[in-house]
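So you can see what is in the structure, the chains are spelled out below.
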Amino acid sequence: MTRSREDPPYRAWLEVDLAALSRNARRMAKHVAPARFVPMVKADAYGLGAIEVARALDRLEPYAFGVATPPEGAELRRSGIERRIVVFAPSAAAEISQLLEARLESAALSLASLAKLEAAARAASARMPVHLEVDTGMGRAGLPGAEAAAWTPEVAAILSRGGVSLASVYTHFHSAGTDPAATSLQLTRLRRAASILEEAGVEVPFLHAANSDAAMGDEQYHLGLVRPGIYLYGGRRGAGAAGAPADPESVARVRARVLEVRDLAPGSTVSYGATYTTKRAERLATLGIGYADGVPWRLSNRGQALIRGVRTPIRGGVCMDVTSVDVSGAPGVEAADVATLLGRDGGEEIALADFAETAGTIEYEVLTAIGRRLPRHYVGRPADAADGSR
């Protein structure tokens, strides 16, 4: 990741490359055209900062932005985002007023939720676009696809009352990156449910199902809209099929300063629990970052950091606020040097997928677990992204 300005004066920070983000989004948009894309910016844009990310991606004219909760959507509205914003997770009854006040669109996950949304909108003399979820195998929410003939008349009746309008019908794939047969079956179930709705006179403006994995896979999954998330933020490398967009560029880089350098004699113990003992004379650097900042404790004695382009292993347990690394093989390291725990430094890179695998978790959790204590430092202008959009 190329820096466009000097490192900020923090003990640790999360660097977000908005130009790389934009290039990833342009590749995805071009790949799925003529389907339109709905960037998922829930969970504070996977930890990278929803407002800055949405402002950068808004230039690419997505169909909408996807969030999980009404407060997330309302925050984007307050920041000046005027594009459609869809709340995809279930909302509490008390949050429906916020949906209306912030001009948000909502998923309808059951007949009861659709009816509540309709009644609230009609009471406010408003008309809310809704996105009807069909459960085709995820099992957590949505109208059961196998029972579409039974619930379609009630959906049509609720829509006829005027408080809501149907903006789309969608589903969630449960194994798009690992099980093509199951994914194809889920698509068939979605199409069947949509056909039953249309036969009953309900217009379905859009169908959608594809997350990043499905969008990079078979084009049959593109439908009218796609909902990319992790690909935009640099994840899921090598997950696409032939003809899929290139691996995404790294967007996030977690960096921390060396606070202190210490020389330890052979037989010295390191960190809580003394889980590491030096076998020889070692030089250790104390980094100003720990598990409270999003460095998983599971990286204790397993993870690495890049300092001056050299891989330095984590020694001992990751602490709440600091982490120790062995810099014996990185000559000249001194206090105030910058270590990279995620991302590229010189010719070396700790990729998001590798970081997640070492920590025994998934890419999504790595990004969303980056603590709020780390300032978000934005580099690269969205306008710098090479053209490639549709």
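Everything numeric in this text was worked out from a predicted model, so none of it was measured.

Now for the environment of Leu99. Relative to the helices and strands, Leu99 resides in helix 5 (residues 96-101). You can call Leu99 buried: its relative accessible area is 0%. Once the C-alpha coordinates of Leu99 and Pro71 are considered, the two residues, 28 residues apart in sequence, prove to be 8.6 Å apart. Those residues within four positions of Leu99 in sequence are excluded, and the remaining contacts are Pro70, Val87, Ser91, Leu104, Ser106, Leu117 and Met128.

Turning our eyes to something else, we now look at the packing of aromatic side chains. Any aromatic ring pair is given by two values, namely how distant the centres are and how the planes are angled relative to each other. Across all of its chains, the model carries 5 aromatic pairs by this definition. Relative to Tyr233, the ring of Tyr46 lies with its centre 4.8 Å away and its plane at 40°, an arrangement referred to as tilted. One end of the pair, Tyr46, is in helix 2 (residues 42-46); the other, Tyr233, is in the loop between strand 10 (225-226) and strand 11 (252-264), and 187 residues separate them in sequence. For Tyr233, a relative accessible area of 1% corresponds to the buried category. Between the aromatic rings of Phe173 and Tyr221, the centroid separation amounts to 5.3 Å while the plane-to-plane angle is 70°, which identifies the pairing as edge-to-face. Within this pair, whereas Phe173 is found in the loop between strand 8 (164-170) and helix 8 (180-199), its partner Tyr221 is found in the loop between helix 9 (212-216) and strand 10, the two being separated by 48 residues in sequence. Residue class for Phe173 comes out buried when judged on its relative accessible area of 6%. Given the relative accessible area of 7%, Tyr221 is considered buried. Clustering of aromatic rings is evident, with ring pairs tying together Tyr46, Tyr233 and Tyr364. The ring of Phe88 is capped by Arg227, whose NZ or CZ atom sits 5.7 Å from the centre of that ring.

Attention now goes to the pairing of strand 20 (residues 376-379). The two faces of strand 20 match: Arg376 and Tyr378 on one face and His377 and Val379 on the other face are all buried. Of the strand pairs in this sheet, strand 1 (residues 12-17) and strand 20 are connected by 4 bridges, and their pairing is parallel. Its bridge partner lying in strand 20, Asp17 is registered against Val379.

Take Thr152: it is sitting in helix 7 (residues 148-160). Since its relative accessible area comes to 2%, Thr152 is described here as buried. On a C-alpha basis, the gap between Thr152 and Leu197 in space is 5.9 Å, while along the polypeptide they are 45 residues apart. Those residues in contact with Thr152 that lie beyond four places of it in its chain are Ile196, Leu197 and Ala200.

Our next topic: the side chain of Asp135. Tracing the chain through its elements places Asp135 in strand 6 (residues 128-135). Here Asp135 sits buried without a salt bridge, and the closest side chain of opposite charge, Arg189, lies 7.3 Å off (N-O distance). For Asp135, the side chain forms a polar contact with the main-chain nitrogen of Met138, separated by 3.2 Å. Not counting the four nearest positions on each side in its chain, Asp135 is found in contact with Ala141, Gly142, Leu143, Pro144, Gly145 and Thr171.

The rules behind these values
- Residues numbered from 1 in each chain as written.
- Predicted model: local features only at pLDDT ≥ 70, side-chain atom pairs only at ≥ 80, totals over all residues.
- Heavy atoms only, no water.
- Helix = DSSP H or I, 4+ residues; strand = E, 2+ residues; numbered from the N terminus.
- Buried < 20%, exposed > 50% of the residue type's maximum accessible area, 1.4 Å probe, protein only.
- Contact = heavy atoms within 4.5 Å.
- Phe/Tyr/Trp six-rings, centres within 6.5 Å; stacked < 30°, edge-to-face > 60°.
- Lys NZ or Arg CZ within 6 Å of the ring centre and 35° of its normal.
- Pairing = 2+ DSSP bridges.
- Lys, Arg positive; Asp, Glu negative; His and termini not counted.
- Salt bridge = Lys/Arg side-chain N within 4 Å of Asp/Glu carboxyl O.
- Polar contact = N/O pair within 3.5 Å; in protein donor to acceptor, adjacent residues only side chain to side chain.

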